[in-house]
Structure formats: structure tokens, C-alpha cells
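Chain by chain, the residues:
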There are 2 protein chains.
Amino acid sequence: MTLADHPSPAPRPGRRADAERNRAVIIEAAGEVFAECGGGVDVREIARRSGVGMGTLYRHFPTKDELLATVLERQFNAWLTDAHQQAMATEDPWRALAGFFEQTLSTQARNRAVVESFTATGGPSDSCIQRCYSIIDELRTRCVDAGILRPGVTTEDLFLLSGSLSQAVLTTADSRPGQWRRLLRISLDGLSSRNTESLPEH
Amino acid sequence: MTLADHPSPAPRPGRRADAERNRAVIIEAAGEVFAECGGGVDVREIARRSGVGMGTLYRHFPTKDELLATVLERQFNAWLTDAHQQAMATEDPWRALAGFFEQTLSTQARNRAVVESFTATGGPSDSCIQRCYSIIDELRTRCVDAGILRPGVTTEDLFLLSGSLSQAVLTTADSRPGQWRRLLRISLDGLSSRNTESLPEH
DNA sequence: GACCAAGCGGAGCACGTGCTCCGCTTGAAG
DNA sequence: CTTCAAGCGGAGCACGTGCTCCGCTTGGTC
């Protein structure tokens, strides 16, 4: 399932048809460019890739930040929807949790801007964070109920772990792609209930 | 042991005394500013903090990158020296490894530029990387000889883990400082030889 | 004390990048 | 077909930031 399969979230009635089309083209192109180059790219590059002038770009998105936010929101929601569906479809709680990390990391591996957004101030919007927390919490609860998750592990721990590993994915993307799977495996084993010693308080 | 306890690596004979003094002041100030603000700070801020003009700064360091490299090299070497001494002084191999991570992360937690340097292209100089690998490899070997490290764990795995956790330290530095210790604990438990299943190949 | 090369300060230049302005074009309503 | 507001393109402005230039100052030597 790719991004294009998800419905565009904000169709705007009353606008001229070409404007609507341009808006969609810009979001599409910006998504690609941000993913490849990170949030620091020159806006002209996005305009160029969209085949649209600067005026048009800034008519639709008053600032670069707003464009980035729109794109990230869209990509996050697509990813979260997929992740949720996949999690629901997996019977075994542990496989569901592991699969979530696997999917998250391999998706984000190809999207610089998304990884950056976790580091930078602000990051993704609150509603996305909230949604992400909900999914992780559901996965965590299922594992706890099955007695296979280490006691004391919080949703925040899992969220932070995901962000931390994302970074590992990025740093090894060029030199040793796939090495992150080893770290993931190590972390998951550390999360197993076979480890009974309590974790340090904050 | 702090940075000031380490000898300045490059005293330059034949230079005027005030120039030598200024050079030291600049390195000191730049170290603080880079640590607080990251590598993206305005050079003027470093000049201001040094109490020195732009001309003086650029006389000693022809580019900002060179200044940053000099500062990072110095800080890395100070950190590595401390880490090595501490590792040598710890009898128990596992405590030595855990202590290395603990020290690395709590040091880097207060130094944005260092963490960034692992992410950015280039990063620390090759000789630093090499030295760091040597230390980690020594720690790893001791653990392997004692039979307490999970089979198949490489020096690269441990290096990558360190960088990955550094990121976690940064992202939670403001909101939940100390949470990274929980992730570290989880990772270390996953590295224990009690986990016998082999890690995925690259 | 006199001399001067080495060193210094900071105004200002060059350039990259976010954003605007305005004359031209075009979808669509009548 | 006519009309025109909505939309478009891209030159160029504003500003932040790396770096330079040059007249002034000063440590060191005789």
C-alpha cells in the first residue's frame, strides 16, 4: 500500500479545478523532495519538481513550514493507518509489536524529513503523536496481557526506542543498509519478559 | 576529569604570545557554544563569546568547518582518553562495557555538536573513529572471553548502538532527562549471552 | 624609546534562501 | 464570445550568515 492509495485529506470546494490540481501536484512533489533531501531543501527545488512557479506554491502554502507540516501530516497518517491495519491483522502479540517496528523503520528509512521531524523542535502534530501512542499502547497492552513483555516497559519507552532506531537507520543507510535490523533484534530481546529486572526510574 | 585537564594538542612555536592566548580562548569558547547550540551557530556568536574580532577568529581558523573539526577532535580525544582509562580500571568486563555506554551517553548528552557529528556527513575524523573502535573492540573482546556477550555481536553493532542512543538522549534531554537509561538497560540486556539466537546478517 | 612585522577588530561584501509583487493567463459563468 | 476574478510565473527583495579587507594596535627586538 502506497501513499497514493490514501484519500487526500483536504479537498477544497469552490476552488478552480487547475488550482486544485496544482495543490495536489505540489504536495506530491514536496513529499518526494522532503523525503530525499530532508526539510532543509531549497523551496525552489520543490517548485521546479512540481512544474509550478514560486507564486503558485506560496499561494497554496503561506510558508515553507506549513507546506512541510501538511506533507508530514499526510505521510504520518498514511503510515499510521497501514501500521494499525497490519497490527490488527497479526494474531500473535509479539509478532505484531515486532512487525510494527519493522514496518516503521523500513518506511522511515527512506524519508529523511520524517526522521528529522522527531529530532527537531515541534515534530509531527499532536494528533499524529497521539494516534501513534494509541497504536503502540494497544500493541503493548496485548503483549502485557500475554505475559511476554518485560514488566515496567512503558509506551513512551517504545516510542523513544522507535525514534532512536530511526536514527540508526539513517546513519547506516548508505554504508551498511540493514544493519539496523540487528539492533532491532537486540532491543526486542531486551524487551522480552525473560528479562525480569526492573528498569531504572526516570 | 574535565576538558581543561587535558593538554592542548597543538602548541605553535614562534607565534606571538597574545596570538597563542587568543587561539586557546577561541577553542575554549567555540567548544562551549558548539556544545550548547550545535554546529549551526552563527560564527559571530563564537567571536562574541571569545571576546575576539572576526578577523582574529578567521586568522586562526580559515573556515568555520576547520574550527568545528578542531574543537570536535579535541573533545573526542579527551572523552576517549577518559573512557579508556575508566574501562581499564574496571575489573568486571560487563560493568566496563556498561560503564562505557553510560559515560559516553551522559557526556554527549550535553554536547549537541558531538551528537550531530555522528549524523552529518563526515563526522569525527578517521583517527578518532579508529580510536573509538579500538576501545569498543577491547571491551567487546573482554566480554566475549568471559562468555557473557551474545554471540555474533560486532564492534560495529556496539558503535551504532551508541550513536542511536545518543539521539534518544538528545530528544528527551528537555522533557524527560534520564529516560535514555531505560533504553540503555533494555539494549544491554539484549546484548547478554543469555540471548542465544543469532542476529540477522546485514 | 624607536621600529615594524605580526596581529587585531569589525564594517561590509557575497551568496544562499525564504518570501513577495505584479503583470500576464485562463477557467468558467452568463 | 465576452468578461473578469481567480490563478499563475518568476524576477527580485530582505535577511541571515560565512568570510574578507584594511586601517589601527602591539609584542618583541635592538
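For clarity, every value in this text was computed on a predicted model and none was experimentally measured.

### A few points about helix α1 (residues 17-37) of chain B
All names here are of chain B. The terminal C-alpha atoms of α1 lie 30 Å apart, and with 21 residues this matches the ideal 30 Å at 1.5 Å per residue to within 8%. The complete set of buried residues in α1 reads Arg 23, Ile 26, Ile 27, Ala 29, Ala 30, Gly 31, Val 33, Phe 34 and Ala 35. Turning to α1, the residues buried within the fold contact α2 (43-50), α3 (54-60), α4 (64-89) and α6 (112-119). Of the residues one or two after α1, Gly 38 is the one with positive phi, at around 90 degrees.

### Here's the deal with the protein's contact with DNA strand D
Close to DNA strand D lie 24 residues; Arg 16, Asn 22 and Thr 56 of chain A together with Arg 44 and Lys 64 of chain B are nearest. Of what DNA strand D places within 4 Å of the protein, 55% of the atoms are sugar or phosphate. Contacts to DNA strand D include Asp 42 of chain B, whose side-chain N or O atom sits 3.3 Å from a phosphate oxygen. Taken together, the elements giving at least two residues each to the surface near DNA strand D come down to α1 (17-37) and α3 (54-60) of chain A together with α1, α2 and α3 of chain B. When its residues are assigned to classes, the surface near DNA strand D shows 8 nonpolar, 6 polar and 10 charged.

### Structural notes on the protein's contact with DNA strand C
Looking at DNA strand C, there are 24 residues lining it, with Arg 44 and Lys 64 of chain A together with Arg 16, Asn 22 and Thr 56 of chain B nearest. In DNA strand C, atoms within 4 Å of the protein come 55% from sugar and phosphate. Lys 64 of chain A places a side-chain nitrogen or oxygen 2.5 Å from a phosphate oxygen of DNA strand C. A distance of 2.4 Å separates a phosphate oxygen of DNA strand C from a polar atom in the side chain of Asn 22 of chain B. Broken down by secondary-structure element, the contributors of at least two residues to the surface near DNA strand C are α1, α2 (43-50) and α3 of chain A together with α1 and α3 of chain B. The greatest single-element share of the surface near DNA strand C, amounting to 5 residues, is contributed by α3 of chain B.

### Describing the UniProt feature "DNA-binding region" (unreviewed entry) in chain A
UniProt annotation of "DNA-binding region" (unreviewed entry) refers to residues 42-61 of chain A when read in the numbering used here. In the segment residues 42-61 of chain A, helix accounts for 75% and strand for 0%; the C-alpha atoms at its two ends are 15 Å apart.

### Some remarks on the relation of the copies chain B and chain A
Turning chain B through 180 degrees and shifting it by 0.0 Å along the axis lays it on chain A, with an RMSD of 0.0 Å. In short, the pair behaves as if placed about a two-fold rotation axis. Within chain B, the C-alpha atom positioned nearest to the axis of rotation is that of Gly 190 of chain B, 2.0 Å from it. Looking at chain B, 100% of its interface residues are interface residues in chain A too, so the copies touch through the same face.

### Quick word on the packing of aromatic side chains
Throughout the structure, instances matching the rule amount to 8 aromatic pairs over all chains. Seen from their ring centres, Tyr 133 of chain A and Phe 159 of chain A are 4.8 Å apart, and the 40 degrees between their planes marks the pair as tilted. Highlighted residues: Tyr 133 of chain A in helix α7 (residues 126-146) and Phe 159 of chain A in helix α8 (residues 155-172), separated in sequence by 26 residues. As far as the burial class goes, Tyr 133 of chain A and Phe 159 of chain A line up, both buried. Judged by centre distance (5.9 Å) and plane angle (70 degrees), the ring pair of Phe 100 of chain B and Phe 101 of chain B falls under edge-to-face. When sorted by exposure, Phe 100 of chain B lands in the same class as Phe 101 of chain B, which is buried.

### With respect to the nonpolar core
In terms of nonpolar packing, the biggest core is built from 105 residues, with Phe 34 and Leu 67 of chain A together with Phe 34 and Leu 67 of chain B touching the most fellow members. In contact with Phe 34 of chain A, not counting residues within four places along its chain, are Gly 39, Val 41, Ile 46, Lys 64, Leu 67, Leu 68, Val 71, Asn 111, Arg 112 and Ala 113 of chain A.

### Notes on the pattern of salt bridges
Evaluated as defined, the whole model comprises 28 salt bridges over all chains. In this structure, Asp 189 of chain B engages Arg 150 of chain A in a salt bridge whose closest nitrogen and oxygen atoms are separated by 2.6 Å. With Asp 189 of chain B in helix α9 (residues 180-191) and Arg 150 of chain A in the loop between α7 and α8, the pair connects residues from two separate chains. Of the charged contacts in the structure, one is a salt bridge between Arg 185 of chain B and Asp 189 of chain B, with a shortest N-O distance of 3.5 Å. Here Arg 185 of chain B pairs with Asp 189 of chain B, and both are found in helix α9, just 4 residues apart, close to one helical turn. Take Arg 185 of chain B: its relative accessible area is 25%, and that puts it in the partly exposed class. The class of Asp 189 of chain B is buried, set by a relative accessible area of 9%. Shared partners join several salt bridges into a network, and the residues in it are Glu 32, Glu 36, Glu 45, Arg 48 and Arg 49 of chain A.

### Structural notes on the domain arrangement of chain A
Residues and elements named next belong to chain A. Structurally, chain A comprises domain 1 (7-65) and domain 2 (71-191). Taking only C-alpha atoms into account, the centre of domain 1 sits 28 Å from that of domain 2. Contacts between domain 1 and domain 2 engage 13 residues on the former and 8 residues on the latter. Both faces combined, the contact of domain 1 with domain 2 buries some 690 Å², and carbon together with sulfur accounts for 59% of it. Of all residues in domain 1, the largest losses of buried area upon contact with domain 2 belong to Ile 27, Phe 34 and Ala 35, amounting jointly to 48% of the total for that side. Viewed at the interface, domain 2 and domain 1 are joined by 1 salt bridge. Among the ionic pairs, Glu 28 bridges to Arg 74, the shortest N-O distance being 4.0 Å. If you look at where domain 1 meets domain 2, you find 2 residue pairs in polar contact (both at pLDDT 80 or more).

### Re α7 of chain A
All names here are of chain A. Look at α7: 30 Å from first C-alpha to last across 21 residues, which is about the 30 Å you get at 1.5 Å a residue. Turning to α7, its buried residues are Cys 128, Cys 132, Tyr 133, Ile 135, Ile 136, Leu 139, Arg 140 and Cys 143. Each buried residue of α7 sits inside an arc of 165 degrees when the element is viewed along its axis, so together they form one side. Looking at α7, the residues exposed on the side facing more than 90 degrees away from the buried face are Asp 126, Gln 130 and Asp 145. On its buried side, α7 packs onto α4 (64-89), α5 (93-108) and α8. Within two residues after α7, Gly 147 carries a phi angle of roughly 75 degrees, on the positive side.

The rules behind these values
Once a new chain begins, its residue numbering starts again from 1 and follows that chain's sequence as written. Starting at A for chains and at 1 for ligands, labels are handed out in the order in which the entities are written. It should be noted that, the model being predicted, local features are given only for residues of pLDDT at least 70 and side-chain atom pairs only at 80 or more, the latter also being counted only at that level, while totals for whole chains, interfaces and linings use all residues. The side-chain figures draw on all heavy atoms in the structure; neither hydrogens nor water molecules are used. Strands here mean DSSP runs of E at least two residues long; helices mean DSSP runs of H or I at least four residues long; both are numbered from the N terminus. Every helix has an expected span of 1.5 Å times one less than the residues it contains. Here's how the labels work: a residue is buried when its accessible area is under 20% of the maximum for its type, exposed when over 50%, partly exposed in between, all with a 1.4 Å probe on protein chains only. Throughout, a contact is declared for two residues whenever any of their heavy atoms are within 4.5 Å. If a single non-hydrogen atom of a residue is within 4 Å of a molecule or strand, that residue counts as near it. Between N or O atoms, a polar contact is any pair within 3.5 Å; within protein, one atom must be a potential hydrogen donor and the other a potential acceptor, and residues adjacent in sequence are included only when both atoms are from side chains. Nonpolar residues are Ala, Val, Leu, Ile, Met, Phe, Trp, Tyr, Cys and Pro. Charged residues are Asp, Glu, Lys and Arg, and all others, Gly as well, are polar. UniProt positions are given in the numbering used here, feature names are shortened, and annotations may be inferred rather than shown by experiment. The copies were overlaid with a least-squares fit restricted to C-alpha atoms from residues scoring a pLDDT of at least 70 in each copy. Each aromatic pair joins two rings of Phe, Tyr and Trp (for Trp, the six-membered one) with centres within 6.5 Å, and gets the label stacked for planes under 30 degrees apart, edge-to-face for over 60, and tilted for any other angle. By nonpolar core we mean a set of buried residues, namely Ala, Val, Leu, Ile, Met, Phe, Trp, Tyr and Cys, connected to one another through side-chain atoms within 4.5 Å. Salt bridges are defined as contacts in which a side-chain nitrogen from Lys or Arg sits within 4 Å of a carboxyl oxygen from Asp or Glu. Per the annotation, domain bounds derive from an automatic or database assignment of domains. Throughout, buried area stands for the accessible area (probe radius 1.4 Å) lost by two parts on being put together, summed over both. Note that the arc is computed from the directions linking the helix axis to the C-beta atoms.

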